[in-house]
Amino acid sequence: MADPHEEFGWLAGYGPFYAISCVSFVRSLPPIEALTRLGAGAETLEEVTFEKLQERTMACLDSDPMRSYVGVVELGGWTALIELWTASMMGYQPMLGRLSRATEVVLINRNIHATDYFVHAIDGVTLTWFDLLVPQVRTGSDPDRLINAMKEVGLNPDHGWDDPVLEATFPRSFALARTITGLPFSENVLDMRFLSAVIDNG
């Protein structure tokens, strides 16, 4: 039987998601509303390909490192938000609070230079937050909410400090997200067009 994280193996290579990225899933929130909640300026809204999203992101970072370029696409009742090559503020209040207001957010932050973490929030409240390398240390209002699902995808919630380092934690985090969202988040997503905008992280 295949490991549940294997279908997300494409995310673990040296592609655009590998070094620094943030992927968030928001339930039943239209893309335009998601960007509006993050403070996107109407003058920066545009529809782009994933290739153009990468180009716009680099241009945005070059002009102002305190701003992000976010691409958004609707997927099966959820909206996926993608940030590349920038330290995301979406995992922190107040942005996470605004994004999850009256809905649900699953967020995966990747930063090989700092911390990879997983967040599950509902209606402004962080239920579960943990570092992917130390899933035994969890915070939030309901830190044990995802324990069974974490075990299923190989993010052992009882991982010991002296145990071997967990492997493939990034694709495993997407397998965990799937237990909540039901979304496969396949590489085909990158063939879609994204509603995008500049976000001020300052």
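Draft legend 1. How the structure looks around the side chain of Asn111. Structurally, Asn111 is set in strand S5 (residues 104–111). Within polar-contact distance, the side chain of Asn111 engages the backbone nitrogen of His113 at 3.0 Å. Beyond its immediate sequence surroundings of up to four residues, Asn111 is in contact with Ala19, Ile20 and Asp116.

Draft legend 2. Spotlight on the packing of aromatic side chains. Inspection of the entire model under this criterion finds twelve aromatic pairs. A centroid spacing of 5.9 Å and a plane angle of 15° characterise the contact between Phe17 and Phe50, whose relative ring orientation is stacked. Of the two residues, Phe17 sits in the segment before strand S1 (20–27) while Phe50 sits in helix H2 (residues 50–63), which places them 33 residues apart along the sequence. Overall, the relative accessible area of 2% leaves Phe17 in the buried class. Taking the centre distance of 6.5 Å and the plane angle of 90° together, the rings of Phe25 and Phe174 count as edge-to-face. One end of the pair, Phe25, is in strand S1; the other, Phe174, is in helix H5 (residues 169–181), with 149 residues separating them in the sequence. Residue Phe174 is classed as buried on the basis of its relative accessible area of 1%.

Draft legend 3. Examining the side chain of Glu83 more closely. Within the element layout of this structure, Glu83 appears in strand S4 (residues 78–84). There is a polar contact of 3.0 Å between the side chain of Glu83 and the side chain of Ser68. In this structure Glu83 touches Ser21, Cys22, Ser68, Tyr69, Val70, Ser88, Met90 and Asn201, once residues within four positions along its chain are discounted.

Draft legend 4. Molecular detail of the nonpolar core. Grouped together as the largest cluster of nonpolar side chains are 38 residues, with contacts concentrated most on Phe17, Phe25, Phe118, Phe174, Leu176 and Phe185. Elements with a contribution of two residues or more to this core: S1, H2, strand S3 (67–75), S4, S5, helix H4 (147–153), H5 and strand S9 (194–200). Ranked by the residues each element gives to this core, the list is headed by H5, at six residues. For Phe118, the residues in contact, after removing those within four places along its chain, are Val106, Leu107, Ile108, Thr128, Trp129, Phe130, Leu132, Leu146, Ser173, Leu176, Ala177 and Ile180. Counting residues in each nonpolar core, the second largest holds 20 residues, with Leu38, Met90, Leu99 and Tyr117 among its members.

Draft legend 5. H5, seen in detail. If you check H5, its first and last C-alpha atoms are 18 Å apart, about what 13 residues at 1.5 Å a residue would give, namely 18 Å. Buried residues dominate H5, accounting for eleven of its 13 residues. Regarding H5, the residues found buried are Thr169, Phe170, Pro171, Arg172, Ser173, Phe174, Ala175, Leu176, Ala177, Ile180 and Thr181. Its buried side turned inward, H5 meets S1, S4, S5, strand S6 (117–122), strand S7 (125–131) and H4. Backbone geometry just downstream of H5 places Gly182 in the positive-phi region, at approximately 80°.

Reading guide: rules and limits
- Residues numbered from 1 in each chain as written.
- Predicted model: local features only at pLDDT ≥ 70, side-chain atom pairs only at ≥ 80, totals over all residues.
- Heavy atoms only, no water.
- Helix = DSSP H or I, 4+ residues; strand = E, 2+ residues; numbered from the N terminus.
- Polar contact = N/O pair within 3.5 Å; in protein donor to acceptor, adjacent residues only side chain to side chain.
- Contact = heavy atoms within 4.5 Å.
- Phe/Tyr/Trp six-rings, centres within 6.5 Å; stacked < 30°, edge-to-face > 60°.
- Buried < 20%, exposed > 50% of the residue type's maximum accessible area, 1.4 Å probe, protein only.
- Core = buried A, V, L, I, M, F, W, Y, C linked by side-chain atoms within 4.5 Å.
- Expected span 1.5 Å × (residues − 1).

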